[in-house]
Amino acid sequence: MLLLQAPGYSAQIGTTNSRNLSQMLSQKLRPTREPNPLVRWYHEARYFLEDHWKRAWVMALWLGVCAGLFAWKFVQYRRRAVFHVMGYCVCVAKGGAETLKFNMALILLPVCRNTITCLRTKTRLGKVLPFDDNLNFHKVHNLGVAIGVGLHAISHLTCDFPRLLHATDQEYVPMKRFFGDTRPDDYWWFVKGTEGWTGVVMVVLMAIAFTLASPWFRRNRLNLPKPLKRLTGFNAFWYSHHLFVVVYILLIIHGTFLYLTKKWYKKTVPLRSSVRAVKILKVAVYPGNVLTLQMSKPQGFKCRSGQYIFLNCAAVSPFQWHPFSITSAPQDDYISVHIRTLGDWTRQLKDVFSEYEVVLLVGLGIGATPFISIVKDIVNNMKQLDADESSSDDGRSEEDGSGSSHQRKLTSSSSSSFRTRRAYFYWVTREQGSFEWFRGVMNEVAETDKKGVIELHNFCTSVYEEGDARSALIVMLQSLNHAKHGVDIVSGTRVKSHFARPNWRNVYKRIALNHRDQRIGA
């Protein structure tokens, strides 16, 4: 029917029908709202449990254990003699402490990455446990710890201790076996004791760790003054989290010197699998501040597509491990990762791999512009280094101690900031006239570099390669002119030009043989 109709009419009918069809579909796709709120809530709850049943039962179990421990300790102290002096405050304090012990014993488990990975891959627990939500569960644990600390500390400091100080002599009699025959004179008596100062220090350290772990500090969202900028970023979050080593030690001491009981048990040991060192095979920096690392594959290492690994660079931090997706195939004989330099750790990692003693620079045509700047920078640094060394030698000969000490400091500062000791520059271009662009720089480098630190090579690809009969005459003339006048007839500089494209295999081989066991940056 549409084919038999006129083109304009059929298009008009088709547009109208399409609009009507869209309206009909949109009306049909709108869910019908259930008028009964009980039925509606039942369906919403059922859909929620179908999607999040793993999280739901784990959270229910965790909350049930916390509530059970709190109730057990609450009832236990409700039946003791101390209740008549300290009241419900001591029940709340001890109940909060019991949940705190449980959460502190469990809080390390979600961040034991190797243990979580082993349980997820080698057991069937992954069918009932949400292992991928380990960090979220760790944050929930932190909330539980904070609530436990609040219940315990606030109840003691604002309720228990003041009631004990204001108790009558008759009411204090049952407390003598816990606090001594003489009743404490003031509030300071509780704070200066082992139980008091350990508790205060733990609260302070926890507050520091919790604050620096918040997204505002960890992700540098706060515009703090420059001196306080070190308090933000991932490094501040990471190192402040290690304050919990001190917190655990203080927690054991605090639990040993309890006022009302001497029985306290807690022991947690985080486990980590073996760590394997790898050899860096290749490093490359791509546009967009992306760093690529290609590493040797350890013996027996197995992975699947889509997995990630944790990397540690001792030159940046011996304690930090960061996850990165594996970009190499499982069949490759190497492991590669692509790292976007966003945070402080990744920026420092890029700086580490940017310090090479030997540099290979390759420029194509006008693309050699940034490398010319690098070559000039190397020349200027070598000049400064030679000047500092000569000044240092002169300073040692002088008897003025302050002057020589100052010059030696300048020398050591310059030497530490400049690491390059050898550079190779290959410039490949098609037109002979391109060599005119940087003739002055080439001559300056050739004249200044007396020690031969920078090796310059110009390649003109419009001429047949050396050894070819068609370029024999120009090669002969070039060699005679360079030997007689020290100037290359092709580039017009002191740098001798080569023809055709470089044989990169031979170039890499020669550089590798000249600099064994050294980092070569390209």
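Within any chain, residue numbers begin from 1 and follow the written order of that chain's sequence. Local features in a predicted model are, by the rule used here, given only for residues with pLDDT of at least 70; side-chain atom pairs are given and counted only at 80 or more, and totals for whole chains, interfaces and linings are based on all residues. Where side-chain values are given, they derive from all heavy atoms of the structure, hydrogens and water being excluded.

By the naming in an unreviewed UniProt entry, the protein chain is FAD-binding FR-type domain-containing protein, taken from Ensete ventricosum. UniProt positions are given in the numbering used here, feature names are shortened, and annotations may be inferred rather than shown by experiment. The protein chain has a UniProt comment under Subcellular location (unreviewed entry) that states "Membrane". According to the UniProt record, the Sequence similarities (unreviewed entry) comment for the protein chain is "Belongs to the RBOH (TC 5.B.1.3) family."

Visitor: Could you give an account of the UniProt feature "transmembrane region" (unreviewed entry) in the protein chain, with specific residues and numbers?
Guide: Under the local residue numbering, the UniProt record ascribes the feature "transmembrane region" (unreviewed entry) to residues 56-75, 197-217 and 237-260. Helix and strand assignments follow DSSP, with helices taken as H or I runs no shorter than four residues and strands as E runs no shorter than two, numbered in order from the N terminus. With 90% helix and 0% strand, residues 197-217 has its two end C-alpha atoms placed 28 Å apart.

Visitor: Outline the pattern of salt bridges, listing residues and values.
Guide: A carboxyl oxygen of Asp or Glu within 4 Å of a side-chain nitrogen of Lys or Arg is what we treat as a salt bridge. Applying the stated criterion across every chain yields a total of 4 salt bridges. Among the ionic pairs, R55 bridges to D133, the shortest N-O distance being 2.4 Å. A residue pair is termed long-range when its members are at least 10 positions apart, and R55 in helix α2 (residues 37-78) and D133 in the loop between α5 (113-122) and α6 (134-165) qualify at 78 residues.

Visitor: Summarise the state of the cysteines; cite the residues concerned and give the values.
Guide: Disulfide assignment relies on a single distance test, namely cysteine sulfur atoms paired within 2.5 Å. This model, assessed by the stated rule, comprises 1 disulfide. Disulfide pairing is shown between C89 and C159; the S-S distance is 1.5 Å. Across the disulfide from C89 to C159, rotation about the S-S bond amounts to roughly 45°, and the bridge is consequently right-handed. With a gap of 70 residues between them, C89 in helix α4 (residues 88-106) and C159 in helix α6 connect regions that are remote in the sequence. You'll find C89 and C159 in the same group, each marked buried. Only protein chains enter the accessibility calculation, which uses a 1.4 Å probe; a residue is then buried when its area is under 20% of its type maximum, exposed when over 50%, and partly exposed in between.

Visitor: Outline the nonpolar core, supporting the account with residue identities and numerical values.
Guide: To define a nonpolar core, start from buried Ala, Val, Leu, Ile, Met, Phe, Trp, Tyr and Cys residues and group those joined through side-chain atoms within 4.5 Å. Ranked by size, the top nonpolar core spans 22 residues in total, and within it F425, W427, M442, V445, I454 and L456 carry the most contacts. If you list the elements that add at least two residues to this core, you get β6 (358-364), α15 (369-397), β7 (422-429), α17 (439-448) and β8 (454-460). A total of 5 residues in this core trace back to one element, the largest contributor, which is α15. Whether two residues touch is decided by their heavy atoms; if any such pair falls within 4.5 Å, the residues are in contact. Not counting chain neighbours up to four residues away, the residues in contact with W427 comprise G363, G365, A368, S434, F435, W437, F438, M442, H457, N458 and F459. Counting 18 residues, the second largest nonpolar core, distinct from the first, contains C313, I326, I339 and L349.

Visitor: Provide a residue-level description of the packing of aromatic side chains, including the pertinent values.
Guide: Aromatic rings from Phe, Tyr and Trp, taking only the six-membered ring of Trp, are treated as a pair when their centres fall within 6.5 Å; an angle between ring planes under 30 degrees marks them as stacked, one over 60 as edge-to-face, and anything in between as tilted. The final tally for this structure, using the stated rule, is 12 aromatic pairs. Aromatic ring contacts, followed pair by pair, group F70, F74, F83 and Y88 into a single cluster. Definition used: whenever NZ (Lys) or CZ (Arg) falls within 6 Å of the ring centre and also within 35 degrees of the ring normal, the charge is taken to sit over that ring. Here the guanidinium or amino end of R113 rests over the ring plane of F310, the centre of that ring lying 3.9 Å away. Here the basic side chain of R218 rests over the ring of F237, its NZ or CZ set 5.6 Å away from the ring centre.

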